[in-house]
Protein chains: 2
Amino acid sequence: MRVTMDCVSCMMRQTVDAARRAKADEGAQKRILIGACEILARGFNNDEMTVTISRDLTQLVVEETSVEDPYLEVKERHIKEALALYPRLKERVAKAPDRLLAALKTAAAGNVLDIFIDVDVQAEDVEEILNQDFALSCLEEFRQQLARSKDVLILADNAGETVFDRILIEELGDKNVIYAVKDSPIANDATLKDARDSGLEEVATLISAGCSTAGTFLDDCTEEFRRLFFEADLVISKGMGNYEAISESPRPVFFLLKAKCQPVADDIGVPLGELIFARQEDIRK
Amino acid sequence: MRVTMDCVSCMMRQTVDAARRAKADEGAQKRILIGACEILARGFNNDEMTVTISRDLTQLVVEETSVEDPYLEVKERHIKEALALYPRLKERVAKAPDRLLAALKTAAAGNVLDIFIDVDVQAEDVEEILNQDFALSCLEEFRQQLARSKDVLILADNAGETVFDRILIEELGDKNVIYAVKDSPIANDATLKDARDSGLEEVATLISAGCSTAGTFLDDCTEEFRRLFFEADLVISKGMGNYEAISESPRPVFFLLKAKCQPVADDIGVPLGELIFARQEDIRK
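Quick caveat: nothing in here was measured; it's all calculated off a predicted structure.

1. Considering the overall build of chain A
Piece 1. Along its length, chain A carries 13 helices and 7 strands.
Piece 2. For chain A, whose C-alpha radius of gyration is 18 Å, the value lies close to the compact-globule estimate of 19 Å for 285 residues.
Piece 3. With the C-alpha coordinates of chain A rotated into their principal frame, the extents come out at 55 × 40 × 35 Å.
Piece 4. Taken over 285 residues, chain A has a buried fraction of 49%.
Piece 5. Contacts in chain A between residues far apart in sequence, at least 24 positions, make up 73% of those at least 6 positions apart.

2. With respect to the sheet that holds strand E2 (residues 151-155) of chain A
All names here are of chain A.
Piece 1. One open sheet accounts for 7 strands, arranged E1-E7-E6-E5-E2-E3-E4; its pairing is mixed. Either end of the sheet is taken by a strand with one partner, and the two such strands are strand E1 (134-137) and strand E4 (205-208). Between one strand and the next, the sheet's axes are offset by a mean angle of 20 degrees, whatever the strand orientation.
Piece 2. The pairing of strand E3 (residues 176-181) with E4 spans 4 bridges and is parallel. Paired with Val181 across the bridge in E4 is Ser208.
Piece 3. Docked against the sheet, helix H11 (residues 239-246) engages E2, strand E5 (234-238) and strand E6 (254-258), running at close to 120 degrees with respect to E5.

3. Side note on the domain arrangement of chain A
All names here are of chain A.
Piece 1. The domains assigned to chain A are domain 1 (5-65) and domain 2 (82-283).
Piece 2. Centre-to-centre, using C-alpha coordinates, domain 1 lies 26 Å away from domain 2.
Piece 3. Between domain 1 and domain 2, the contact holds 12 residues from the first and 13 residues from the second.
Piece 4. Elements represented by at least two residues in the side of domain 1 that touches domain 2 include exactly helix H1 (5-21) and helix H3 (50-65).
Piece 5. The leading source of residues in the side of domain 1 that touches domain 2 is H3, at 6 residues.
Piece 6. Class assignment for the residues of the side of domain 1 that touches domain 2 results in 4 nonpolar, 5 polar and 3 charged.

4. A look at the relation of the copies chain B and chain A
Piece 1. Here chain B sits on chain A after a turn of 180 degrees about the axis and a move of 0.0 Å along it, with an RMSD of 0.0 Å. Viewed as a symmetry operation, the transformation between the two copies matches a two-fold axis.
Piece 2. Counting the interface residues of chain B, we find that 100% of their copies in chain A are interface residues as well, pointing to one common contact surface.

5. What to know about the interface of chain B and chain A
Piece 1. In this assembly, 17 residues from chain B lie in contact with 17 residues from chain A.
Piece 2. Mapped onto the side of chain B that touches chain A, the elements with two or more residues apiece are helix H1 (5-21) and helix H2 (26-45) of chain B.
Piece 3. It is H2(B) that contributes the most residues to the side of chain B that touches chain A, 9 residues altogether.
Piece 4. Class assignment for the residues of the side of chain B that touches chain A results in 11 nonpolar, 3 polar and 3 charged.

6. Notes on the packing of helix H4 (residues 72-95) of chain B against helix H5 (residues 99-110) of chain B
Residues and elements named next belong to chain B.
Piece 1. Contact geometry of H4 with H5 gives a least axis separation of 10 Å together with a crossing angle of 155 degrees. By the angle between their directions, the pair H4 and H5 is classed as roughly antiparallel. The two elements H4 and H5 meet at a crossing, and its hand is right-handed. From H4, Ala82, Leu89, Arg92 and Val93 reach across to H5, where they touch Arg99, Ala102, Ala103, Thr106 and Gly110.
Piece 2. Considered class by class, the residues forming the contact of H4 with H5 number 5 nonpolar, 2 polar and 2 charged.

7. Points about the sheet that holds strand E5 (residues 234-238) of chain B
Residues and elements named next belong to chain B.
Piece 1. Taken in spatial order, the 7 strands line up as E1-E7-E6-E5-E2-E3-E4 in an open sheet, and their pairing is mixed. Looking at which strands have only one partner, the edges of the open sheet turn out to be strand E1 (134-137) and strand E4 (205-208). Between one strand axis and the next, the sheet turns through 15 degrees on average, direction left out of account.
Piece 2. The pairing of strand E2 (residues 151-155) with E5 spans 4 bridges and is classified as parallel. Bridge pairing in E5 places Leu153 opposite Val235.
Piece 3. Strands E5, strand E6 (254-258) and strand E7 (275-278) of the sheet are contacted by H5, whose axis makes an angle of about 55 degrees with E6.

8. A look at unusual backbone geometry
All names here are of chain B.
Piece 1. With a phi angle near 55 degrees, Lys23 is a residue other than glycine that sits in the positive phi range.
Piece 2. Take Lys23: it is sitting in the loop between H1 and H2.
Piece 3. Overall, the presence of 10 C-beta atoms within 10 Å leaves Lys23 in the exposed class.
Piece 4. Even without glycine at this site, Ser66 takes up a positive phi of about 60 degrees.

9. A few points about the environment of B:Cys10
Piece 1. By the secondary structure assignment, B:Cys10 is in helix H1.
Piece 2. For the pair B:Cys10 and B:Cys261, spaced 251 residues apart in sequence, the C-alpha separation works out to 9.5 Å.

10. Some details on the nonpolar core
Piece 1. Counting residues in each nonpolar core, the largest one holds 183 residues, and the members touching the most others are A:Val8, A:Leu40, A:Tyr179, B:Val8, B:Leu40 and B:Tyr179.
Piece 2. In contact with A:Tyr179, not counting residues within four places along its chain, are A:Ile154, A:Ala156, A:Ala195, A:Leu200, A:Ala204, A:Thr205 and A:Leu206.

11. Quick notes on the packing of H2(B) against helix H3 (residues 50-65) of chain B
In helix packing, the relevant descriptors are the interaxial angle and the interaxial distance, both defined with respect to the helix axes.
All names here are of chain B.
Piece 1. Their axes nearest at 10 Å, the elements H2 and H3 cross at an angle of 160 degrees. Between H2 and H3, the angle falls in the class roughly antiparallel. Crossing of H2 against H3: the hand is right-handed. Contact residues: H2 offers Ala28, Arg31, Ile32, Gly35, Ala36, Ile39, Leu40 and Gly43, while H3 offers Ile53, Asp56, Leu57, Leu60, Val61, Glu64 and Thr65.
Piece 2. Looking at the contact of H2 with H3, its residues break down into 9 nonpolar, 3 polar and 3 charged.

Cut-offs used in this document
- Residues numbered from 1 in each chain as written.
- Chains lettered and ligands numbered in written order.
- Predicted model: local features only at pLDDT ≥ 70, side-chain atom pairs only at ≥ 80, totals over all residues.
- Helix = DSSP H or I, 4+ residues; strand = E, 2+ residues; numbered from the N terminus.
- Rg over C-alpha atoms; globule rule 2.2 N^0.38 Å.
- Buried ≥ 20, exposed ≤ 12 C-beta atoms within 10 Å, placed from the backbone.
- Contact = placed C-beta atoms within 7 Å.
- Pairing = 2+ DSSP bridges.
- Axes fitted to C-alpha atoms, helices over the stretch in contact; angles between N-to-C directions.
- Domains from an automatic or database assignment.
- Nonpolar A, V, L, I, M, F, W, Y, C, P; charged D, E, K, R; others polar.
- Least-squares fit on C-alpha atoms with pLDDT ≥ 70 in both.
- Parallel < 35°, antiparallel > 145°, perpendicular 65-115°, else oblique.
- Left-handed = near helix turned anticlockwise from the far one by under 90°.
- Core = buried A, V, L, I, M, F, W, Y, C linked by C-beta atoms within 7 Å.

Dropping the structure here:
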């Protein structure tokens, strides 16, 4: 997805938030803000993708503050809170009339975790989302495709959401699930450590996609990952960042996310806040 | 008040909002966004005042779109809605045990109007604010100063809020009230036309301060206004913009506002959302 006017102010806000969390001193604040203005002007002028702009903004904060992971504390807290919820979510799915649908919704509900809302993981909020319908749904197509698939690649999104994804993985049946995370910290996106801390090693093969973009941006990924992406029988993409990164890919992908910002909601063609489970062709109708 | 990190992303958002309302086409959007990045980088690097940065951003939108007043429709709507509320507000003040306090609160309640929340003027919301206490109050000092004053200068804030100010003016007693507005449109700040449309000509002498900053920035004002500002017996400053513009002035001022953003709340030393009625010395204690 290409940068919009609204993305510019939002990314500036995210940069300020990261700079503050990284405890940038006055000099670093100036260099970060000035550098961010340059990156955003260049990005908007060249219709760059949101994921490459936010990657450059993140690198700027890391370079100026030497803090590798400004969201470390948030990620650890979200994983801990999500793990505490896990038994209850698991039980809910086990009792559901359609377990696969319930598991998909659980994974989408995990996407509500957001550093810019900085919510705690509350059972009530998750419950509310689980009762929400998908605004776009390709459940039957997914069911059919899944039955024919052996290798399932999941593109991970945030730390904490990872625990919700475990519920989905456990409902996929006897599949070879590969769970791909970011190579180094970007915002609250899951890294290998976060995925391990979420217990995912027990249910999937964990790999780094090689990129450090908020969204699996293929140009930044390893050759090995790109091959895997194009060859996997089925790909599930979690969250907005991955949608932004690969919505234009020719390879069919099942996107599972909550449309938490207006530019993404507009791009998909749904109202803000909706839950989405759709393929490229469902969105571009 | 000097620009903070949070101001940068907020002013970017305001610029995008103004550009959209002014129906900037794709080329204009690019020039505005790139120009805004330059202005913000320069402003933050030089610790400029928020009011001069937002003035330059507004001029940029006007130059690129040739739309003088992107908030015209919002201002007209707010004035109309506020005028409909006027009789009810007037009656409420008439019945209050302390009419002056009730009128001051009414004027502060008008400050809740905000283009970035873009609320409608709802009687219930106003009622809620009227029941809120001032977090900082210099009511008794104001009462004493008012008794000794003949000329009262009010620095206006937003269109719509103007109608609420009428209630205050009518409670000031037999004073020579001068109501100073912005010279040309900036955001939803009141201009002479807005003040007239709000019926203020009947209760005060309306003047333009000569500036077009979101806040009465003295360097941009006319020589005549500056003299008036320093010679008036009593000055009431409405809203955040005026606070940002003159909080460091040596001339004693009564600030009446709602702290609607974190940097202003931090500068005053109160939690976000509080109602303030205070002089410089009350704030700097």
